[in-house]
Amino acid sequence: MKPLNSVLALGALALVIAGGFHYWPESSKPAAMQTPNGSIPSRAAATSAAELTQSGDQRVVELAVKYLELYGDTITEPATQARLYNERRNLLARYPDSGNELFQSAITTAFPELADSIFALMTKLDRYNRWLDNHELRLQGLPDMERYAELWQQREAIFGPLASQIWAEEQNPVEAKSDQFQQTLARLDQANQMPLTELAHQLQTTADELYGADLARQLAGSGATGHALFAMDSVQQQLASLPADKRQQTINALRRQIGYSEETVRQLAEEDQRREEKWQKGKAYMAERRALEKRLNGDQLEAALTDLRQEHFGFSAPTIEREEEEGFFRFERERRYGLN
């Protein structure tokens, strides 16, 4: 394992010393160790068992720190939590008997407040992947649009509003299919003077005409239509010109217009607020960062930037530092309201 960041290493050590989590379920820790015939095991057997437990404890700590480093910065986002599914699958492949216990212990250690929601998401992903396995051949035989629509319908059924966040990076099936639809998107994308409600209306009307009302409703429910709407420069330009409270009201109204339920509108508005807080924190960080770069250089600048990242981002600071070393500054990306 690569050398740990000092903050993370101390945090992991503190967890071990405090004993604030269980590496293995209580059912796997018998009150008195006995052999199958009821006799007390030998000293050698007891030592072997203790070494095995110690090895498991160390593995949990290593996994917890790994998950913190890789996912900690965005772990509140459903898409990031879903990425842990492959981590869990790899553990199960490597340790068939104890992989799930390792995963649960590591997640509880790294993200105690989110552990229950992460485990619930893993259960839903198991259900979704079983559905995919059971319908693989039939899905392959469907036309592209029907297959995409059915996939999104199943995702919506299992994950609800989280579906559009988990698969946000997937190619939008509405945008991927029709040259005519692409032409409409290109025209609306440049329609900077067209009212937002009219932009949404023309987008939805085009989807209805091209794909049929039923399929268009499925795509709207999956978040695909919303993604197409908020990806338009014409929409973003008008949203950016609004005060923050008016902007959120407008986004909510547009989502209702294209078919989002009230519950989905509410949940997405809460997600928008969390994104807004992150962007505001990021803007403050970048302003202070630029001020430091004007005053300092060399080792003094690096030390000051390390402290600044720690102040603003806590245990996510090492992730921000690695991104900056690679030339990526996440808060210099273009802000896309309703999307990021």
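What counts and how
Residues numbered from 1 in each chain as written. Predicted model: local features only at pLDDT ≥ 70, side-chain atom pairs only at ≥ 80, totals over all residues. Heavy atoms only, no water. Helix = DSSP H or I, 4+ residues; strand = E, 2+ residues; numbered from the N terminus. Buried < 20%, exposed > 50% of the residue type's maximum accessible area, 1.4 Å probe, protein only. Areas by Shrake-Rupley, 256 points an atom, 1.4 Å probe, with all protein chains shown as cover. Patch = residues over 30% accessible without salt bridge, like charges linked within 9 Å, V, L, I, M, F, W, Y side chains within 5 Å. Salt bridge = Lys/Arg side-chain N within 4 Å of Asp/Glu carboxyl O. Lys, Arg positive; Asp, Glu negative; His and termini not counted. Charge placed at Lys NZ, Arg CZ, Asp CG, Glu CD. Axes fitted to C-alpha atoms, helices over the stretch in contact; angles between N-to-C directions. Parallel < 35°, antiparallel > 145°, perpendicular 65-115°, else oblique. Left-handed = near helix turned anticlockwise from the far one by under 90°. Contact = heavy atoms within 4.5 Å. Nonpolar A, V, L, I, M, F, W, Y, C, P; charged D, E, K, R; others polar. Phe/Tyr/Trp six-rings, centres within 6.5 Å; stacked < 30°, edge-to-face > 60°. Lys NZ or Arg CZ within 6 Å of the ring centre and 35° of its normal. pLDDT = per-residue confidence, 0-100. Core = buried A, V, L, I, M, F, W, Y, C linked by side-chain atoms within 4.5 Å. Expected span 1.5 Å × (residues − 1). Arc of directions from axis to C-beta.

### Topic: the overall build of the protein chain
Now for step 1: Tallying secondary structure elements over the protein chain gives 17 helices and zero strands in all.
Now for step 2: Relative to its full complement of 340 residues, the protein chain shows a buried share of 43%.
Now for step 3: With the model as given, the accessible surface of the protein chain reaches about 19000 Å², and the carbon-plus-sulfur share is 51%.

### Points about a negative patch on the surface
Now for step 1: The grouping of Asp-299, Glu-302, Glu-325 and Glu-326 at the surface amounts to a negative patch.
Now for step 2: Inspection of the secondary structure puts Glu-302 in helix H16 (residues 298-313).
Now for step 3: Relative accessible area serves as the criterion here: at 43%, Glu-302 is assigned to the partly exposed category.

### Observations concerning the packing of helix H3 (residues 78-94) against helix H4 (residues 99-110)
Now for step 1: Orientation of H3 relative to H4, taken along the N-to-C sense of each, is 140°, at an axis distance of 7 Å. Put simply, H3 runs oblique to H4. Here the hand of the crossing between H3 and H4 comes out right-handed. Two secondary-structure elements touch here, H3 through Leu-84, Arg-88, Leu-91 and Leu-92 and H4 through Gly-99, Asn-100, Leu-102, Phe-103 and Ile-107.
Now for step 2: Residue classes in the contact of H3 with H4 are distributed as six nonpolar, two polar and one charged.

### Examining the packing of aromatic side chains
Now for step 1: Throughout the structure, instances matching the rule amount to ten aromatic pairs.
Now for step 2: When the centroid spacing of 6.3 Å and the interplanar angle of 55° are considered together, the rings of Tyr-67 and Tyr-71 count as tilted. Of this pair, Tyr-67 and Tyr-71 both sit in helix H2 (residues 43-71), four residues apart, roughly one helical turn. Judged on exposure class, the residue Tyr-67 and its partner Tyr-71 are both buried.
Now for step 3: Counting every residue linked through ring pairs, the aromatic cluster contains Tyr-67, Tyr-71, Phe-103 and Phe-119.
Now for step 4: Sitting over the ring of Trp-152, Arg-155 keeps its end group 4.9 Å from the ring centre.
Now for step 5: A cation over an aromatic ring shows up here: Arg-155 above the ring of Trp-167, its NZ or CZ 4.3 Å from the ring centre.

### Overview of the environment of Thr-109
Now for step 1: Within the secondary structure, Thr-109 sits in helix H4.
Now for step 2: Its relative accessible area of 7% is what places Thr-109 among the buried residues.
Now for step 3: With 41 residues separating them in the primary sequence, Thr-109 and Leu-68 have C-alpha atoms 9.6 Å apart.

### With respect to the confidence of the model for the protein chain
Now for step 1: Residues at a pLDDT of 70 or more form 77% of the protein chain, whose mean pLDDT is 79.
Now for step 2: Ranking the helices and strands of the protein chain by mean pLDDT puts helix H13 (residues 233-240) first, with 96, and helix H1 (residues 6-18) last, with 34.

### Topic: the nonpolar core
Now for step 1: Counting 35 residues, the largest nonpolar core has Tyr-67, Leu-84, Phe-103, Ile-107, Phe-111, Met-122 and Phe-159 as the members making the most contacts within it.
Now for step 2: At the level of elements, H2, H3, H4, helix H5 (115-140), helix H6 (144-159) and helix H7 (162-166) are the ones that each hand at least two residues to this core.
Now for step 3: Here this core gets nine residues from one element, more than from any other, and that element is H5.
Now for step 4: Within the second largest apolar cluster, 24 residues are counted, among which are Met-194, Leu-203, Ile-258 and Tyr-337.

### As for helix H10 (residues 196-211)
Now for step 1: Taking 1.5 Å per residue as the helical rise, H10 with its 16 residues ought to reach 22 Å, and the 22 Å between its terminal C-alpha atoms agrees with that figure.
Now for step 2: Within H10, the full set of buried residues consists of Leu-196, Leu-199, Ala-200, Gln-202, Leu-203, Thr-206, Ala-207 and Tyr-211. Seen along its axis, H10 keeps its buried residues to an arc of 165°; they face one direction.

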